[in-house]
Structures are given as structure tokens and as C-alpha cells.
Amino acid sequence: MTWRAIAITIVAVAASACGGNQSMFNPQGPAARSIAGLGWLLFGVSTLVYLLVLAASGWALARRRRPEDDEPDGDRALTKWVTVAAAVTVVTLLAMTVASVAAGRGLTSPSGPGAVTVDVIGHQWWWDFQYRDVTPSDIVASPNELHIPVGVPVVLNVMSRDVIHSFWVPNLHGKRDLIPGQVTRTWIQADAPGVYRGQCAEFCGHQHANMALIVVAEPMAQFREWLQQQRRPAPEPSSDLQRRGREVFLQSPCASCHTIRGTDAGSRFGPELTHVASRRTIAAGTLPNTRGHLAEWIADAQAIKPGSRMPSNVVAAADLQALLSYVRSLR
Amino acid sequence: MQEAASLAGAVPARVDDPRLARELEQTWRVPHGIIGWFSVVDHRTIGLRYIVTAFGFFIVAGILAALMRIQLAVPNNHFLGPDLYNQVFTVHGTMMMFLFAVPIMQALGVYLVPLMVGTRNIAFPRLNTFSYFVYLFGGVMLCVTMLVNSAPDVGWFAYVPLAGPDYTPGKRADFWAQLITFTEVSGLAVAVELVATIFKTRAPGMTLNRMPLFVWAMLIMAFMVIFAMPSVVTGSTFLLLDRLVGTHFYNPAEGGDALLWQHLFWFFGHPEVYIIFVPALGIVSSIIATFTRRPVFGYTAMVIALVATGFIGFGLWVHHMFATGLPQLGLTYFTAASMIIAIPSGVQIFCWIASLWRGRPRFDTPLLFVLGFIAIFVLGGLSGVTLASLPFDLQVHDTYYVVAHFHYVLLGGAVFPLIGGIYYWFPKMTGRMMSDRLGRWNFWVLFLGFNITFFPMHILGIQGMPRRVYTYPAEMGWGTLNLVASAGALLLVVGGALFVYNVVRSRAAGAPAGDNPWDADTLEWSVSSPPPVYNFLHIPVVEGRNAVWDRSADAPIVTGLGSDRREVLVSDVIDAEPSNTCTYPEPTIWPFLAAVVTSAFFITSIFTAWAVPVFALPLTVVLIGWFWPGRGEE
């Protein structure tokens, strides 16, 4: 009974696994598509082999025994069958190896310079994406939110500041480890505009579970516009409340970890906040970027991400409101 | 321990020379009393202790797994926080691999191999006692760290720099690294004993090509231990040095290399799974031969497949590192090697199916577990083939797909045969049968529980759920399958409890087994159940590949071995021609004392490097005591 149940489940799985926003069978770029195709091939062959082995076992157990079966002649036929099965195994594995090498060509390292190059830097427990530029002041940092133009390969220089992490956006490509002490190159490409979720895939300590990121793919013009916007320093406060918020920020522990370009806050320990209000999530993909969640995060980060480097801050209610207004203005 | 006393009192069923039996009984007696308990050098007693202890750790690690399934049953759960969860999954993995899986397989070897090759005790019996206590103390240390909230929390693989001094201050990672030292010392000791026992003390006539497949499997396992474990000992020692005295083996800022750890670890870690799996293949072959009443089909092919697995198992380790960005050409080699290892496994599966085909299967509990093994292991093997593919692995690496895969090959591939093996050998070890009725229930509950728990994890992995996460957001849509998996885990707990209940009840009140209840073929079934302390009244002479089935009525026996001292026959490696005799040492307290001092040394060295000079003297003293020539020793 279980065999049939398993077979049915496999089919059901194959159908259901395609969905899901972090599924490898929902490819949105050439690399992920090539892997997904290979995956279906491997699953098909494996399922077939599995059913054959189960059928052979079932037959071996259930067949009617005859007295002449105890004759040694029977072994010759068996030897033939075992040899054939072994030969088929060898050929099948060879075919899978070839298919796998063919699908893997060009997959792990970029073929050309790429339209855009981004440095991917891992931290416990957030991502920094830095867009290189010849002018140092034009280097853009976009923590936890990687913007890319659609339809072109984007080269990623992958590295880590502390422990090993692994960059993984299943809809676009497989994993690449971020290893301290070395920089490796990989690439991604999205075919269509959209937001794709990824998360750290190498155990990196306490908050490994909450080290997510999103990739925002948009048309080239829009991407350039975004990049231009991100190059600007933080906007000046436009109200008294926001001005007070900036004071709170600069005089509280916030400034000792975060950078807001255009102010005196310049520490690189935590994620840069110059344009934090333009981002979709906070706390590395943990919470949607709303005023309420931001308040929670500032006041009680340790309850949301226990062990994270962001402390729970004691801020007077009025100061918190001012701080929120200011931070929410950093678009 | 109870079994020691009952063994000493047992009356062997096949005594045809009461005077000789009495003398041997006196010479090989198992010492009594508290000091006696710590002095035992008898392979059956130590083997049983190993088995019971390893199952104890299996239960603890299983409870930890249940805690993880509770935490993951629903999204955003707060049952275990990240700190506790990370300790729990680390200890679960570490305990299962180092304190259960490898030791239990070696334990079966310690108990069964001397009986199967027809000798009176394991080679280096005092080392055997020492290895057991070192293993026990190491395991107890890990349990204590859990109780005081200092358990390792860096994963059973302890990747640096996370496990290094900068990112895991405190002593948690040191306990992990030192546990490795404990288990490696005991594991290497047992491996050496098994190789020596198999190569040098086989009964006359048991040439290499007549050796039972179980013994072959144990031999391959022992060699794999000897070649794999030094790598992780080196790695964990470097880690301790980095942490304790400030070396920089793994510190990239000072010219060290984080990837060095991964190479050292996986050069051991991949063979490790074959170290666990190969003995299980031996169990499967034993059970299939007995319950089809025919020798396993294709003996030569089976042996070659085991040896090939042993070799190829050392050429795959980089498939754990596909995502690190190593050069493409090298990775292609490891894809090919990882595919190739499926060939010997396939050949063995085909030979077993052929054995089932030509035999007349008798569906007792042990065979049910073997059939369950085939159904589960083949699926796990096939998912393993998909993981060998570099591009596919880049997606599913470090996801629940891998968790599903290795539970299929380790639980299905090793624990199912193991439990079948316990049902099979329990009568030999205790003299009583386990309940077959309960055994059937036991099998079906475990089989269903296993598939309900682990099959959905394949899908979770494909849907992008990473491993080692203490929680996940509800929006990801992973909740339902996780709940199903957790429900299956409940069945696994019930199945485990059934097994323990059956063991406890059958030991007290099972039906008497007799010498050979299954009409099995290997030499352990030719003596009483449980076997006498000296194993064989007369060492048998083996006449064919089927030691018991082929035995003629007037089969020759070995005579002339001394019964006034612990004399055993030594034979040559290939043909088992008797070459000389050797006298095994008497029971003594020194190996236990040596284990105490060694353990104290290992634990102290977690805290201070001064442990090295401080413990040099006591170690010297206990070793002198251990090797002081005793009565009848040359």
C-alpha cells in the first residue's frame, strides 16, 4: 500500500513544489531555469529507477516458488539480470553526469564583465550590497535590498566581514558562500521585473534564521534612476519634529553604529540608513518597513531578533516619535 | 552489569567435555564485585555495555529531535529560542553521529566479530575496556554541558570562523572539539582491535574468501575509521589550539584559512557516513541469508562492492563544498566521483533482490526491517545521486532537501537494519526471543512515522526552506508540511518506545531461544545463547563459506589450546592457517584508571594548556600499571 502512496505523493509533490516564493522550481532567470530543467530530469530518472527497484523487489518476494528453483542453474539467469541492472546503472549515472556538467557550464562564474557589478558583503545578520563607482563618494550601499536591472547579467563579488554566510535567491540562482578572507565572483540575472526573496543558507549563528534579503529587479532606466537617487546624501529634515529626531539620532547610541551620509553619523558597524525609508523591509527582511514595525525594532530589537547586534533602546516616548519621523523621512 | 553475572553462570548447551568446560570457565571468568565491574576485559560484556550506552545516547538525541520538531511545527514559534535551538540541533547531530551511530556499529562488531571468526575474545581486550570508558566519559561530558546551558551551538560540523575564538567566546565550541577527541580515541582503538581480530585470529579454514559478509563489512568499516578519523582529529586539535593558545590555523586575518577546516572535516565527514552505513550492509546480508535460507547471491560481487565503497568514499568530500566557489574543473571531478559511488550500492541492492528472488523468504521481524531498509534507502540513495549533481546541489544544498536525504540514508540505511539486527541477535545475546508480534507493530509504526516525518522535508527543501533555522515566517507557506513532519515525529517516538518496551519485556520474559533459533549460518549460532565466557569449547575448523550449514557431522576441531591461561589461536591473514598461539591478558582495573586519567586530561585541557604537563605523570603511572607483566604473560 505504501508504495502506491509514495508514488502518488511524488507526483503531488512535483506539482506542488513549483509554487512558493522561494521555490527552485519557480525560476525567474537563466541560471535558475537551467537548474530547474536539470532538476526535473533528475527527478524523472530517479522516480523511474525507484519504481523499477520496488517492482523488482515486490516480484522477488511475491513470485510463486517452484521446486526446480533450488537448482543451481537458476543462478546463471540471476547473474545475467544483476549484470544487466549494473550496466544500466552505470549508463544512467554517466548520462546524469553529462547532463549535470552540460547544465553547469557557465553557471558558477560570470562569462563577461556584466552590466552592473555589486559587492555582496555578509555580516551577522544582515547583507550589505555596495555598488562600485570610480568616485568614492558615489559608492552606494543598499543593505538587505539588492536592486538589479532586468535582462542583463549582474556580477556579484562575494565576501564576508565575519563568519561564513551563503547568498541564495532560489528564483534566480543557486548558492554562493561568503567566506571571510576571500572574494569570489558569481552572477545573477532576472528576466522580468519583480521582487525575489532570498536568505542566508549557511549556518552563521544566533539569527541565521532571520537573515533574509530581497532582490528588486527593474528596467534599466528605472534602475539607473534608483542608483542616482541612492547616491544623494540624506535629505534635510523638513520639519521641527524631524530636526529633533535627527538630534536624537546623533546623540543616542544609534550614531555609533549607523551611517547617514550628510550628517556626522559615519559608522559602518550596522547597515547604512541614508535612504532607509526607501527600503521595503527592515532587520534583514524580518519586518515590513512600516512606522509601527520601525518603532518596535528600535525599542525592542532583542525580542524580535534575540542575539542580534541591534540593542533594545530605551527612548523617551516623545523622542521616539521624533526619531521615527526623521528616519521615515530618509527616502 | 547484569549480563556479566548471568553469562558467568550460564551452562553451555554443547558441552561434551565437562572438565575442559570447567577449566575454561575458570580461566575466562568475568570478575565480580564493584572493582570487577570496572576490570572486565570480556568482549561480550563490553560489547553489550557499548550497545546499551549507545542506545541511551540515541534516546537522548531522539528527544532533542522531538524538541526541534515541536519548535518547527508552526511558524514564528517561541517554544525554543535561537540560543537553545542552536544548542539542541548541534547536540542532536553530534550525539547521533559521534555517540550513537559509529559506536553502535563498532559495538556490534565488538560483540559479534570474535564469535563470527571463531575466537575467544577480541584482540587487545584491555584496550577495548579502555575505549569503552573513554567513550562513556566523553558522552557524559556532553550531557553535562547541556544541563549547565553550555552545550555546543555551532553545528555538528563546527564551521570556522563561527566556531573560532572571535565568534563563539566561552567554552561551548571547546566542549564540541574535545568530544571529538574522546570519540576518536575510542573509535580508533576499536577499529584497531577489529582489524587485528579479523586478520589474525580467524578459526582455521576461514580463509578470506569464506569470511561472512558481516565480518567483511566490519573490516572495511575499521579501515575507513583508521584512515578518516586522523583528519578530524587534526582539524579539531587545530581548532582547540586556535581557541586555547591563540594559534591562527583558521584565522584569515593572520594568514590562516577558513576553508582548511572544511577540507579536514569533510575528508573525515563523508567517509563517516559510510563508516555508519557499511556495517549496516553487513547486517542486511546476515539477515537476508538467514531469512531466505540461502547464502547471499553474488558473494564476490558483494565483497568487491564493499571494498569499492570504502575506497570511493574517500573521494567525494568536496561535494559538501560545492557552493564555496572552488574552481569548476575540480568540482566536476567530485560530481563524477559522487555519482560513481552509487554503482557499488546499486550492485549490492541488485544482489539482495536476487537473493530474495531465489530464496524462500520467511517474513519475521528482522526481514521486515530489511525490506523497509530497501524501500527507504533506495530513495535516499537516489536523492543522493541528485545531490551529486553540482548545479542541482547549488539549489538544494543546506536546505531541508538535504535533511530529508541524509535521514533517508542514515535512519533508513543504517538504523532500520540496526533495529532488525537487534531483533535478530537479541536471542543470541540474552538467550531469549523478542516478541515478533510487537516487532511487527514496531516495524510498521516506525516505517510510517519515518516517511511521514522525512518525506515532506524533500518538498520543504525544494520550496526553499534552509536547514538550521530556529523558525520561519508564516508567509513562506512552509507551515503545513512542517506540521505534518512534526506529527510523523510523534509516531517515531511511539515506535521507539515500542522497541524499548519489547527489549525490556523480552529480556525478562521472552521465550527461550535455544542455540540457533533462526537456523542461521554464522559461527555465533553454533554456541549456546548467551555464549559461554570462552565462546567456543573447541575452536571449530571452518569447511566452507557457510560455516554452520556446511558443517559435517565429523567436522574437525582445534585441540591443544591451553585452558589454564587465556590462550587463543593466531592464524595468518589470507588463509587462516594456524601459525602460533597468543595469551590474552587477565582482567585488570588499569584500563579503567587510564580512561579516568585520560578523560580528566581531555576535560582539563579545555580550560588550560597546563593540563599537558600536569597530567603527564599520572598518565605515565597508569600506563605502567596497565602494561606491568602479569601471570602467564611473556
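Bear in mind that the values here come from a model prediction, so they are computed numbers and not experimental data.

### What about the overall build of chain A?
- Along chain A, the regular secondary structure elements total seven helices and twelve strands.
- For a compact globule of 331 residues, the expected C-alpha radius of gyration is about 20 Å, and chain A comes in at 27 Å, more than 25% above that figure.
- Its C-alpha atoms give chain A principal-axis dimensions of roughly 100 × 45 × 35 Å.
- In chain A, which comprises 331 residues, the share counted as buried stands at 52%.
- Taking contacts inside chain A between residues at least 6 apart in sequence as the whole, the part at least 24 apart equals 62%.

### Things to note about the overall build of chain B
- Counting secondary structure elements, chain B contains 19 helices and two strands.
- Scaling as 2.2 N^0.38, a compact globule of 634 residues should have a C-alpha radius of gyration of about 26 Å, and chain B matches this with 24 Å.
- Each principal axis of the C-alpha atoms in chain B carries an extent, and together these give about 75 × 60 × 50 Å.
- The buried share of chain B, reckoned over its 634 residues, is 66%.
- Considering only contacts within chain B whose residues lie at least 6 apart along the sequence, 80% involve residues at least 24 apart.
- Of the roughly 20,500 Å² of accessible surface on chain B, 70% is carried by carbon and sulfur atoms.
- Charge centroids of chain B, computed over 33 positive and 36 negative side chains, lie 8 Å from each other.

### What about the nonpolar core?
- Judged by nonpolar contacts, the single largest core of 253 residues is most densely connected at Tyr 131, Leu 146 and Phe 167 of chain A together with Phe 100 of chain B.
- Here this core gets 23 residues from one element, more than from any other, and that element is helix α5 (residues 82–117) of chain B.
- If we ignore the near neighbours within four places in the chain, the residues touching Phe 100 of chain B are Ala 54, Phe 55, Phe 58, Met 95, Val 415 and Leu 418 of chain B.
- Listed in part, the 25 residues of the second largest apolar core include Val 276, Leu 294, Leu 324 and Tyr 326 of chain A.

### Re the pairing of strand β2 (residues 578–583) of chain B
All names here are of chain B.
- Pairing of strand β1 (residues 567–571) with β2 involves five bridges; the strand directions are antiparallel. Its bridge partner being in β2, Glu 567 is matched across the sheet by Thr 583.
- As consecutive antiparallel partners, β1 and β2 are separated by six residues, and within that stretch Ala 576 has a phi angle of approximately 55 degrees, a positive value.

### Here we look at the sheet that holds strand β5 (residues 154–160) of chain A
All names here are of chain A.
- Taken together, the five strands give an open sheet; going across it, the order is β3-β2-β1-β5-β8, and neighbouring strands pair in mixed fashion. Each end of this open sheet is capped by a strand with a single partner; those strands are β3 (140–141) and β8 (184–188).
- Note that strand β1 (residues 116–123) and strand β2 (residues 126–131) share six bridges and pair antiparallel. Paired with Val 118 across the bridge in β2 is Tyr 131.

### Description of the pattern of salt bridges
Residue and element names in this part refer to chain A.
- According to the stated counting rule, one finds 22 salt bridges over all chains in the structure shown.
- The partner of Arg 246 in a salt bridge is Glu 236, with the nearest N and O atoms 3.4 Å apart. Taken together, the residues span a long stretch of sequence, with Arg 246 in helix α5 (residues 240–251) and Glu 236 in the loop between α4 (220–231) and α5 at a distance of ten residues.
- Since its relative accessible area comes to 18%, Arg 246 is described here as buried.
- We note a salt bridge from Arg 243 to Asp 240, for which the minimum N-O separation is 3.1 Å.

### Quick word on the interface of chain B and chain A
- In this complex, chain B contributes 78 residues to the contact, which on the side of chain A involves 84 residues.
- Here chain B and chain A share an interface that buries about 6,900 Å² over both sides, 70% of which is from carbon and sulfur atoms.
- Scanning the region where chain B abuts chain A turns up two salt bridges.
- One can count 19 residue pairs in polar contact (both at pLDDT 80 or more) joining chain B with chain A.
- Considering each element in turn, the side of chain B that touches chain A owes the most residues, eleven residues, to helix α12 (residues 342–358) of chain B.

### Topic: the side chain of Ser 46 of chain A
- Mapped onto the fold, Ser 46 of chain A is located in helix α2 (residues 30–62).
- Apart from residues no more than four positions distant in its own chain, Ser 46 of chain A is found in contact with Met 96 of chain A together with Leu 382 and Thr 386 of chain B.

### Brief notes about the packing of helix α16 (residues 436–462) of chain B against helix α17 (residues 479–509) of chain B
All names here are of chain B.
- In contact at an axis separation of 8 Å, α16 and α17 are set at 155 degrees when each is read in the N-to-C sense. On the basis of their axis angle, the class for α16 and α17 is roughly antiparallel. Read as a crossing pair, α16 and α17 show a hand that is left-handed.

### Observations regarding the sheet that holds strand β4 (residues 145–149) of chain A
Residue and element names in this part refer to chain A.
- Here three strands make up an open sheet; going across it, the order is β4-β10-β9 and the pairing mixed. Across the chains shown, the open sheet's two edge strands, defined by having one partner strand only, are β4 and β9 (194–199). In this sheet, adjacent strand axes meet at a mean angle of 25 degrees when their direction is disregarded.
- Across six bridges, β9 lies against strand β10 (residues 212–218) in antiparallel orientation. In the strand pairing of β10, Arg 197 is matched with Ile 214.

### A few points about the packing of aromatic side chains
- Per the counting criterion, the structure on display carries 76 aromatic pairs over all chains.
- Measuring from centroid to centroid gives 5.1 Å for Trp 37 of chain B and Phe 38 of chain B, while their planes differ by 80 degrees, and the two rings are edge-to-face.
- For Trp 37 of chain B, a relative accessible area of 25% gives the class partly exposed.
- Judged by relative accessible area, Phe 38 of chain B falls into the partly exposed class, the value being 25%.
- For the pair Phe 55 of chain B and Phe 58 of chain B, a centre-to-centre distance of 6.0 Å together with 80 degrees between the ring planes defines the contact as edge-to-face. Taken together, the residues span about one helical turn, with Phe 55 of chain B and Phe 58 of chain B both in helix α4 (residues 43–72) at a distance of three residues.
- The class of Phe 55 of chain B is buried, set by a relative accessible area of 12%.
- Stacked on the ring of Trp 357 of chain B, the Lys or Arg Arg 63 of chain A has its end atom at 3.7 Å from the ring centre.

### With respect to a nonpolar patch on the surface
Residues and elements named next belong to chain B.
- A surface patch of nonpolar side chains, about 330 Å² in accessible area, is lined by Ile 59, Ile 63, Val 500 and Val 504.
- When contributions to the nonpolar patch are tallied by element, the ones reaching two or more residues are α4 and α17.
- With respect to the helices, strands and loops of the structure, Val 500 is situated in helix α17.
- Taking the relative accessible area as the measure of exposure, Val 500 reaches 35% and is therefore partly exposed.

### Looking at the state of the cysteines
- Counted under the stated rule, the structure contains zero disulfides over all chains.
- Looking at Cys 257 of chain A, it has no disulfide partner, and the nearest cysteine sulfur is the one in Cys 254 of chain A, 8.8 Å off.

### Focus: α17 of chain B
- The terminal C-alpha atoms of α17 of chain B lie 45 Å apart, and with 31 residues this matches the ideal 45 Å at 1.5 Å per residue to within 8%.
- Elements in contact with the buried residues of α17 of chain B: α4, α15 (400–430) and α16 of chain B.

### Structural notes on the confidence of the model for chain B
Residues and elements named next belong to chain B.
- Residues with a pLDDT of 70 or more make up 97% of chain B, whose mean pLDDT is 93.
- For the stretch residues 1–15, pLDDT sits under 50, and the model shows 32 contacts to residues farther than four places along the chain or on other chains.
- This complex was scored by the predictor with a pTM of 0.94 and an ipTM of 0.93.

### Some remarks on α12 of chain B
- For α12 of chain B, built from 17 residues, the straight-helix expectation of 24 Å at 1.5 Å per residue is met to within 8% by its first-to-last C-alpha distance of 24 Å.
- Summarising burial for α12 of chain B: 16 of the 17 residues are buried, a large majority.

### Some remarks on the environment of Ala 414 of chain B
All names here are of chain B.
- Residue position: Ala 414 is located in helix α15.
- Along the primary structure Ala 414 and Ala 280 are separated by 134 residues, whereas in three dimensions their C-alpha atoms are 5.1 Å apart.
- For Ala 414, the contacting residues outside a window of four places in its chain are Met 105, Ile 276, Ala 280 and Val 409.

### Concerning the packing of α5 of chain A against helix α7 (residues 317–328) of chain A
Residues and elements named next belong to chain A.
- It is at 7 Å that the axes of α5 and α7 come closest, and there the two elements cross at 105 degrees. It follows from the interaxial angle that α5 and α7 lie roughly perpendicular. Between α5, through Leu 241, Gln 242, Arg 244, Gly 245, Arg 246, Val 248 and Phe 249, and α7, the contact on the second element is made entirely by Ala 318, Asp 319, Ala 322, Leu 323, Ser 325 and Tyr 326.
- For the contact of α5 with α7, the per-class residue count stands at seven nonpolar, three polar and three charged.

Cut-offs used in this document
- Residues numbered from 1 in each chain as written.
- Chains lettered and ligands numbered in written order.
- Predicted model: local features only at pLDDT ≥ 70, side-chain atom pairs only at ≥ 80, totals over all residues.
- Heavy atoms only, no water.
- Helix = DSSP H or I, 4+ residues; strand = E, 2+ residues; numbered from the N terminus.
- Rg over C-alpha atoms; globule rule 2.2 N^0.38 Å.
- Buried < 20%, exposed > 50% of the residue type's maximum accessible area, 1.4 Å probe, protein only.
- Contact = heavy atoms within 4.5 Å.
- Areas by Shrake-Rupley, 256 points an atom, 1.4 Å probe, with all protein chains shown as cover.
- Lys, Arg positive; Asp, Glu negative; His and termini not counted.
- Charge placed at Lys NZ, Arg CZ, Asp CG, Glu CD.
- Core = buried A, V, L, I, M, F, W, Y, C linked by side-chain atoms within 4.5 Å.
- Pairing = 2+ DSSP bridges.
- Salt bridge = Lys/Arg side-chain N within 4 Å of Asp/Glu carboxyl O.
- Buried area = accessible area lost by both parts, 1.4 Å probe.
- Polar contact = N/O pair within 3.5 Å; in protein donor to acceptor, adjacent residues only side chain to side chain.
- Axes fitted to C-alpha atoms, helices over the stretch in contact; angles between N-to-C directions.
- Parallel < 35°, antiparallel > 145°, perpendicular 65-115°, else oblique.
- Left-handed = near helix turned anticlockwise from the far one by under 90°.
- Phe/Tyr/Trp six-rings, centres within 6.5 Å; stacked < 30°, edge-to-face > 60°.
- Lys NZ or Arg CZ within 6 Å of the ring centre and 35° of its normal.
- Patch = residues over 30% accessible without salt bridge, like charges linked within 9 Å, V, L, I, M, F, W, Y side chains within 5 Å.
- Disulfide = S-S within 2.5 Å.
- Expected span 1.5 Å × (residues − 1).
- pLDDT = per-residue confidence, 0-100.
- Nonpolar A, V, L, I, M, F, W, Y, C, P; charged D, E, K, R; others polar.

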